[in-house]
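Take a look at the letters that make up each chain.
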Amino acid sequence: MVVRRNSAMGEQVAAEPENATKATNPTPDGAAGQPTPTKAAAKKATGTAAKKVAVAKKATAAKKATAAKKTADVKEAAVGKGTVAAKKTADVKGTAAGKETVAAKKTADVKGTAAGNGTVAAKKTADVKGTAAGNGTVAAKKATVEKKTAAVKAPVVAKGTVAAKGAAAAKKAAAKKAAPGKSAPASTAAPAKSAPATKAAKPESRTALVRRARRINRELADVYPYAHPELDFENPFQLLLATVLSAQTTDLRVNQTTPALFAKYPTPEDLAAANPEEVEELIRPTGFFRAKTKSIMGIATALRDEFGGEVPGRLEDLVKLPGVGRKTAFVVLGNAFGVPGLTVDTHFGRLVRRWKWTDETDPDKVEAAVGALFPKSEWTMLSHRVIFHGRRICHSRRPACGACPIAPLCPAYGEGETDPEKAKKLLKYEKGGMPGQRLKPPPDYPGRPAPPLGAE
Ligand code: SF4
């Protein structure tokens, strides 16, 4: 095969075989150059020529067939290649498509995740976001918690502050709390924590003071629902005498002493006519027995002579009796006559000053200040609750702050023992598992009765 180059197109074209080219393109010169034969010769020549033409046609046809076949092969090859190429292309595309599909799937997964389906991608995204924003979120959460804590503490502080905390008391309490070896129980931690804040807090308003004072009273009512006067008595006369005898001694000692006195002198007339020395011997255990003998015999005489042998039920009458002041008068009025009254004894005065209800020390002024914080109907029972608390938990020298139920409301928290276990050992009477002060306590008293004189 001869290859001819089409210079203009630069393409290779398959040329016809040289013999086929000559047969299919006889030159005119070949026929015209032959001498003229006879008719037979002419016929022969014509037949030969026809044969040649036929042969030439056959050759041409054969060439065309071959060429066509080759073309067909080439085309098939081309087609085949195209197919392969197409296939490869398809594969590639398929691969690409597959990859895209995978990618799409992954994307879908991620999107699904992002959409909240909980896929790994989503989780990762979430994690990443969590990491990215997480710190901020955690910080934000912490900030929120702190803010809430602060918000929660704030009222406590405010309450504590308003509550009761004078700056001096808070400072004192804080100093005590900081003392090594002392820790506040959970219930009493609030005052400790709020103590520093009280320094910057505003002074407690009158309204806040009233609210805190009344809240303390309610708390004490829960702690001492059985609060009562701790002197044994069966009538106003006995209560009046027992109250006078309780000066400078304990109610327990009075209760252990009065049974013999009341048994021997049951009425004002009996006592007014008694031998002073015999009375002195009977009341000796209460201390200051000579002065007390004069007082009780003077009271008996006044009752006999001025009040018909009866204890008067009015304050102005009671305070006229020898040795009877407002405190004694209110005890009698409140517990024997049902007339509201505050009993400002040593316990009452100490506690209300610790609670910052008042700074007064004079009993009459304390009575006026505290009385203004409560309705009259609460005065008598408030007195009992406060005195109960002073005798059992909030002692003069070592208050048991670590076991005190009203510690969160107390500005003086920390003045005493704050360690719960140590504080618990300081509790007295029924709170400490010990006998009470009355030999004949009320039925609802949860503790044990006091032993009689000489049986302690
Ligand atoms: S025991 Fe402590 S906390 Fe409780 S009232 Fe007394 S001083 Fe306040």
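Remember, it's a predicted structure, so these values are computed and weren't measured experimentally.

Observations regarding the overall build of the protein
Assigned secondary structure in the protein consists of 18 helices and 2 strands. Relative to its 456 residues, the protein shows a buried fraction of 30%. Long-range pairs, those at least 24 residues apart, make up 60% of the contacts in the protein between residues at least 6 apart in sequence.

Focus: the site of the ligand
Close to the ligand lie 14 residues, the nearest being Cys394, Pro399, Cys401, Cys404 and Cys410. Residues that form the shell around the ligand fall into these classes: 11 nonpolar, 1 polar and 2 charged.

A look at the packing of helix α8 (residues 236-245) against helix α9 (residues 251-264)
It is the contact of α8 with α9, at a shortest axis distance of 10 Å, that shows an interaxial angle of 135 degrees. The angle between α8 and α9 falls in the class oblique. Relative to α9, α8 is oriented so that their crossing is right-handed. Residues Gln238, Ala242 and Leu245 of α8 lie in contact with α9, whose contacting residues are Val254, Thr257, Thr258 and Phe262.

Considerations on the packing of α8 against helix α14 (residues 326-336)
To describe two helices that pack against each other, one gives the angle between their axes and the distance between the axes. One way to put it is that α8 packs onto α14 with a least axis distance of 10 Å and a crossing angle of 150 degrees. Note on packing geometry: the crossing formed by α8 with α14 is right-handed. Residues Pro236, Leu239, Leu240, Thr243 and Val244 of α8 lie in contact with α14, whose contacting residues are Thr328, Val331, Val332, Asn335 and Ala336. When its residues are assigned to classes, the contact of α8 with α14 shows 7 nonpolar, 3 polar and no charged.

Brief notes about helix α16 (residues 363-371)
Listed in full, the buried residues belonging to α16 are Val366, Glu367 and Val370. Buried residues of α16, viewed axially, fall in a sector of 100 degrees; they line one side. Contact partners of the buried residues in α16: α14 and α15 (346-354).

Details of unusual backbone geometry
Its identity is not glycine, yet Phe288 carries a phi of approximately 45 degrees, on the positive side. If you trace the backbone, Phe288 turns up in the loop between α11 (276-283) and α12 (289-306).

Here's the deal with the environment of Pro276
Mapped onto the elements, Pro276 comes out in helix α11. Residues Pro276 and Thr293, spaced 17 residues apart in sequence, show a C-alpha to C-alpha distance of 6.6 Å. Setting aside anything within four residues of it in sequence, one finds Pro276 in contact with Thr293 and Met297.

Structural notes on the environment of Leu271
In this structure, Leu271 sits in helix α10 (residues 268-272). Residue classification places Leu271 among the buried residues on the basis of 23 C-beta atoms within 10 Å. Note: C-alpha distance between Leu271 and Leu261 (10 residues apart in sequence) is 9.0 Å. Among all residues touching Leu271, those that are not within four sequence positions of it are Tyr265, Ile296, Met297 and Ala300.

Quick word on the environment of Val370
Secondary-structure assignment places Val370 in helix α16. When the C-alpha positions of Val370 and Gly349 are compared, they lie 9.8 Å apart, and in sequence the two are 21 residues distant.

Side note on α11
Considered for burial, the residues of α11 that qualify are Val279, Leu282 and Ile283. Down the axis, α11 shows its buried residues gathered within 85 degrees of arc, on one side only. Among the structural elements, α8, α9 and α12 are those in contact with the buried residues of α11.

Regarding the confidence of the model for the protein
The predicted model of the protein averages 72 in pLDDT, with 56% of residues at 70 or higher. Here residues 1-43 is a poorly scored stretch, pLDDT under 50, and it has 24 contacts once near neighbours within four places are set aside; other chains count. Per-residue pLDDT stays below 50 along residues 67-198; that stretch engages in 113 contacts with residues further than four places along the chain or on separate chains.

What counts, and where the lines are drawn
Chains are numbered independently. Their residues run from 1 in the order of the written sequence. Local features in this predicted model are restricted to residues of pLDDT 70 or higher, and side-chain atom pairs are both shown and tallied only at a pLDDT of 80 or more, whereas totals for entire chains, interfaces and linings draw on every residue. Think of it this way: any DSSP run of H or I at least four residues long counts as a helix, any run of E at least two long counts as a strand, and we number them from the N terminus. Residues with at least 20 neighbouring C-beta atoms inside 10 Å of their own are called buried, those with 12 or fewer are called exposed, and the rest are partly exposed, where every C-beta is derived from the backbone. Contact definition: two residues whose C-beta atoms, as placed from backbone geometry, lie within 7 Å. Using a C-beta atom placed from the backbone, a residue is described as near a molecule or strand when that atom lies within 6 Å of it. Any residue outside Ala, Val, Leu, Ile, Met, Phe, Trp, Tyr, Cys, Pro, Asp, Glu, Lys and Arg is labelled polar, Gly included; the first ten of those are nonpolar and the last four are charged. The axes are straight lines fitted to the C-alpha atoms, using for helices just the contacting stretch, and the angles between their N-to-C directions are given from 0 to 180°. If an angle is under 35 degrees, it is roughly parallel; if it is over 145, roughly antiparallel; if it lies from 65 to 115, roughly perpendicular; otherwise it is oblique. Helix crossings fall into two classes, left-handed where the near helix is turned counterclockwise from the far one by less than a right angle and right-handed where it is turned clockwise. Read the arc as the range of directions from the helix axis to the C-beta atoms. Think of pLDDT as the predictor's per-residue confidence, scored from 0 to 100.

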